[in-house]
Amino acid sequence: MAHDSGTRTLISHAQLRRGRGKAIYWTLVAVVVVGFTLVFLGPLYWMVTGALKSGQEIAQTPPSLFPQDPQWQNYADAWNNLALAKLLFNTFYYAAGAVLFQLVLDTAAAYAMSKLRPIFGNAILAMMLATLMIPAMVLIVPQYVTVIDLPILHINLLDSPFAIWLPLVANAFNIFLLKRFFDSIPEDLMAAALIDGATALRTLWSVVLPMSRPILGVVSIFAVTAVWKDFLWPKLVMPSPETRTVSVGIYAFAGGTPMNVVIAASVIAAIPTVIIFLIFQRNIMSGLTTGSLKG
Amino acid sequence: MAITTVPGTTRPGRPSSPYAERPRRTSLGRKVRDNLTGHAFLIGAVLCFALFSWYPMIRGVVMSFQRTRRGVTTWVGWDNYTRIIDDPSFWTAWKNTFYFTVLALVLGYAVPFFVAILLNELRHAKGYLRVLVYLPVMLPPASALFLFKFYAYDPSEAGLFNAILKALHLPTSQWMQSPGMTMPAMVIASTWMNMGGAVLIYLAALQNIPGELYEAAELDGAGIWRRIWNVTIPQTRLILALMAMMQIVATMQLFIEPLILANGAGAEDSATSVAYLIYQHGFFQNDLNGAAALGVIMLVVLAGFSAVYLRLTAKQD
């Protein structure tokens, strides 16, 4: 065994080190590694290579494991015919704006509720958290109606990036994550900053934010992936072809485009989030579990 | 391990904020100013919540009792509700949605828990396996579903699943073209795409189980299954209950799977879901009021379900 430092789980370390236990353990490790690779990576391999096959090859039985004559043209067609450059740019633009808006407004709000604690702060927090209980599909129609004619202002936000940015600020989960993190910053530090004459904004900027880089990273990554993965909302509020996100654009073209080209486009659309995940996997996974558990 | 149900509550004995509680001689003006500062920080997020969350919530209920025709809005009482319920798709959609929810509970709820138990026992390749399980969660759902639609669920023998079934000498399937397979096929796709999050949450919960409990159970002669039943499950009971609830709320909103895999309704209406019906009424049949009414019905059903569920789990404790 590599190390014994871990805590005891269902099966003891000792049992796994003995002759028969050891054999079973290593067989299990091998089976799980191979099985999981096939189940979770296999379809992705199939997707990337399938998009390289010709129309005839994809219809052949049994299917081929490797593309016999790689059709790089499918990827080129996807890029050109679906205007993927424009779609990807749109999605990046919406994701970047979403990060900016969420970092500024949600951080400020969480800081106020955690450290400044103005009157009614807790009531506001409770009302924000209550929105976690409301299923997104229930709100989709009234939200849409609100966006096409904002109350009081009477502005139509269709095709405007604000229709994506502003609703994403109303994210109780992020506020909760940020507030919980700020709660763990010692009050003594706040008091010290106050005695030094720092304003609330200065304290946030110079004391709180530098300590909060991990959670700010988590919130940013969640913001990017939320925009990248969202489908119905951008489909509704970005109706013109010029403002579509990449998922919506591929869906719009799927009907009249060869299957392999649609898959090639889907592969390209998935690359950014996969790269983000491979780089930031630790932050993403820890952010996910700290959000739901407290141990 | 404790689940934070009310994260906003201030713990007793916690030192008070120097901003919130100042010495008593602080002037009223100072207090007002401090509160104003606090609310200035809050205002951006509060406005966004108000505009895009709180107000639409009320607006949805109001809309469901109104009808807008040619720019004129009138109160119509329960008309929208009766119209929606009389729509023949209404009951089909509910039946399909419940069926999907139940199937997803059987498959999508148990599988991540056992995967987490399995991963927690392994001392090697843990990081790699965790990345694998979570990878599909990061794909845009539209991308993943096109993969399933075109490659996995191809009804000919060139399709990935049919090729595997044929190689194993099992009967092949028409997948999305056979009404009986529509839902299981959507549950498989949905579980593959979404289980990563649940696995990671369970893994974190499993790591919080004190090792001594397993030690004691083993000394008492409990085998592996008994240890899972008598130690693992009771120790993770709270998170299991919470995840069941979250999963049901999520699966009841089934939308993108029928839209992409089944082009909406699917073979013989076998894929129509309630959420898809909301979309259809609101954005294709020009009936936003009816769609709002259906949304309210969905909210009531989910809220009712949550209340019953909380009651049942509370009784068990």
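Counting restarts for each chain, with residues numbered from 1 along the sequence as it is written. Chains carry letters and ligands carry numbers; both start at the beginning, A for chains and 1 for ligands, and go up in the order they are written. Under the rules for a predicted model, residues below a pLDDT of 70 receive no local features and side-chain atom pairs below 80 are neither given nor counted, while totals for whole chains, interfaces and linings still include all residues.

### With respect to the UniProt feature "transmembrane region" (unreviewed entry) in chain A
Consideration 1: UniProt positions are given in the numbering used here, feature names are shortened, and annotations may be inferred rather than shown by experiment. Under the feature "transmembrane region" (unreviewed entry), the UniProt entry names residues 23–46, 92–112, 119–142, 162–182, 203–228 and 248–280 of chain A.
Consideration 2: In DSSP terms, a helix is any run of H or I states spanning at least four residues, a strand is any run of E spanning at least two, and both are numbered starting from the N terminus. A distance of 26 Å separates the end C-alpha atoms of residues 248–280 of chain A, which is 88% helix and 0% strand.

### Comments concerning the UniProt feature "domain: ABC transmembrane type-1" (unreviewed entry) in chain A
Consideration 1: UniProt's entry tags residues 88–280 of chain A with the feature "domain: ABC transmembrane type-1" (unreviewed entry), counted in the numbering of this structure.
Consideration 2: Helix makes up 76% of residues 88–280 of chain A and strand 0%, whereas the separation of the span's terminal C-alpha atoms amounts to 20 Å.

### Some words on the nonpolar core
Consideration 1: Think of a nonpolar core as buried Ala, Val, Leu, Ile, Met, Phe, Trp, Tyr and Cys residues chained together by C-beta atoms that fall within 7 Å. Residue burial here comes from a neighbour count, namely the number of other C-beta atoms, placed from the backbone, that lie within 10 Å of the residue's own C-beta, with 20 or more meaning buried, 12 or fewer meaning exposed, and in between meaning partly exposed. Within the largest apolar cluster, 163 residues are counted, with the highest numbers of intra-cluster contacts made by Ala-98, Ala-109, Ile-250 and Ala-265 of chain A together with Ile-278 of chain B.
Consideration 2: What counts as a contact here is a pair of residues whose C-beta atoms, placed from the backbone, lie within 7 Å. Setting aside chain neighbours within four positions, we find Ile-250 of chain A in contact with Leu-82, Val-262, Ala-265, Ser-266 and Ala-269 of chain A together with Ala-142 of chain B.

### Focus on the domain arrangement of chain A
Residues and elements named next belong to chain A.
Consideration 1: For every domain, the bounds stem from an assignment made automatically or drawn from a database. Parsing chain A into structural domains produces domain 1 (13–76) and domain 2 (78–292).
Consideration 2: The straight-line distance from the C-alpha centre of domain 1 to that of domain 2 is 34 Å.
Consideration 3: Tallying the contact residues gives ten residues for domain 1 and eleven residues for domain 2.
Consideration 4: Of all elements in the fold, only α2 (19–50), α3 (55–58) and α4 (72–81) reach the threshold of two or more residues within the side of domain 1 that touches domain 2.
Consideration 5: Residue polarity follows a fixed list, in which Ala, Val, Leu, Ile, Met, Phe, Trp, Tyr, Cys and Pro are nonpolar, Asp, Glu, Lys and Arg are charged, and the others, Gly among them, are polar. A class-by-class count of the residues in the side of domain 1 that touches domain 2 yields six nonpolar, three polar and one charged.

### Here we look at the interface of chain B and chain A
Consideration 1: Of the residues lining the interface, 94 residues belong to chain B; the matching set on chain A comes to 99 residues.
Consideration 2: Here the side of chain B that touches chain A gets 21 residues from one element, more than from any other, and that element is helix α1 (residues 28–63) of chain B.
Consideration 3: Of the residues contributing to the side of chain B that touches chain A, the split by class is 65 nonpolar, 21 polar and eight charged.

### Notes on unusual backbone geometry
Residue and element names in this part refer to chain B.
Consideration 1: Located in the positive-phi region is Arg-70, a residue other than glycine, with phi close to 45 degrees.
Consideration 2: Position of Arg-70 among the secondary structure elements: in the loop between β1 (66–69) and β2 (72–75).
Consideration 3: Given 4 C-beta atoms within a 10 Å radius, Arg-70 is considered exposed.
Consideration 4: The backbone of His-169 shows a phi angle near 60 degrees, a positive value even though the residue is not glycine.
Consideration 5: Here His-169 is to be found in the loop between α6 (160–167) and α7 (179–206).
Consideration 6: Judged by the 6 C-beta atoms lying within 10 Å of it, His-169 is exposed.

### As for the environment of Met-243 of chain B
Residues and elements named next belong to chain B.
Consideration 1: The residue Met-243 is located in helix α10 (residues 237–251) in this model.
Consideration 2: Given 20 C-beta atoms within a 10 Å radius, Met-243 is considered buried.
Consideration 3: Here the alpha-carbon distance between Met-243 and Val-32, two residues 211 residues apart in the chain, equals 43 Å.
Consideration 4: Not counting residues within four places of it along the chain, the set of residues in contact with Met-243 comprises Ala-198 and Ile-201.

### Structural notes on the UniProt feature "domain: ABC transmembrane type-1" (unreviewed entry) in chain B
Consideration 1: Per the UniProt entry, the sites bearing "domain: ABC transmembrane type-1" (unreviewed entry) are residues 94–309 of chain B in this numbering.
Consideration 2: The distance separating the terminal C-alpha atoms of residues 94–309 of chain B is 19 Å; by composition the span is 75% helix and 0% strand.

### A few points about the domain arrangement of chain B
Residues and elements named next belong to chain B.
Consideration 1: When its domains are assigned, chain B resolves into domain 1 (30–78) and domain 2 (82–316).
Consideration 2: A C-alpha centroid distance of 33 Å is found between domain 1 and domain 2.
Consideration 3: Domain 1 puts eight residues into the contact, and the matching count from domain 2 is seven residues.
Consideration 4: For the side of domain 1 that touches domain 2, the class distribution of residues is three nonpolar, four polar and one charged.

### Describing the UniProt feature "transmembrane region" (unreviewed entry) in chain B
Consideration 1: Summarizing the sequence annotation, UniProt attributes the feature "transmembrane region" (unreviewed entry) to residues 36–55, 98–119, 131–152, 185–205, 236–256 and 291–312 of chain B in the numbering used throughout.
Consideration 2: Spanning residues 98–119 of chain B, this segment combines 100% helix with 0% strand, and its end C-alpha atoms are found 31 Å apart.

### A look at α7 of chain B
Residues and elements named next belong to chain B.
Consideration 1: Counted at 1.5 Å a residue, the expected span for α7 with its 28 residues is 40 Å, and the 39 Å between its end C-alpha atoms agrees.
Consideration 2: The largest bend along α7 measures about 50 degrees and falls at Asn-194.
Consideration 3: Of all 28 residues making up α7, 21 are buried, and the element is well covered by its neighbours. Expected span, for any helix, means 1.5 Å times one less than how many residues it has. Two axes are fitted around each residue, one to the seven residues ending there and one to the seven starting there, and the angle between them is reported as the bend at that residue.

### Overview of the environment of Gly-290 of chain B
Consideration 1: As for its position among the elements, Gly-290 of chain B is in helix α13 (residues 288–316).
Consideration 2: Taking the C-alpha atoms as reference, Gly-290 of chain B lies 8.7 Å from Asp-79 of chain B; in sequence the two are 211 residues apart.

### Considering the confidence of the model for chain B
Consideration 1: Values of pLDDT, the confidence the predictor places in each residue, fall between 0 and 100. In this model, chain B carries a mean pLDDT of 85, and residues with pLDDT of at least 70 account for 91%.
Consideration 2: Low pLDDT (under 50) marks residues 1–14 of chain B, which in the prediction has 16 contacts with non-local residues, meaning those over four places away or in another chain.

### Re helix α14 (residues 246–254) of chain A
Consideration 1: With eight of its nine residues buried, α14 of chain A lies for the most part within the structure.
Consideration 2: Among all positions of α14 of chain A, only Val-246, Ser-247, Val-248, Gly-249, Ile-250, Tyr-251, Phe-253 and Ala-254 of chain A are buried.

### Here we look at the pairing of β1 of chain B
Residue and element names in this part refer to chain B.
Consideration 1: Strands were regarded as paired on the criterion that DSSP finds at least two bridges between them. By the bridge criterion, four bridges tie β1 to β2 in an arrangement that is antiparallel. Across the sheet, residue Gln-66 finds its bridge partner in β2, namely Trp-75.
Consideration 2: The turn linking β1 back onto β2 is made up of two residues, and Arg-70 within it adopts a positive phi angle of 45 degrees.

### Thoughts on the confidence of the model for chain A
Consideration 1: In the predicted model, chain A carries a mean pLDDT of 88, and the fraction of residues at 70 or more is 96%.
Consideration 2: Low pLDDT, under 50, characterises residues 1–5 of chain A; the predicted model gives this stretch seven contacts beyond four residues in sequence or across chains.

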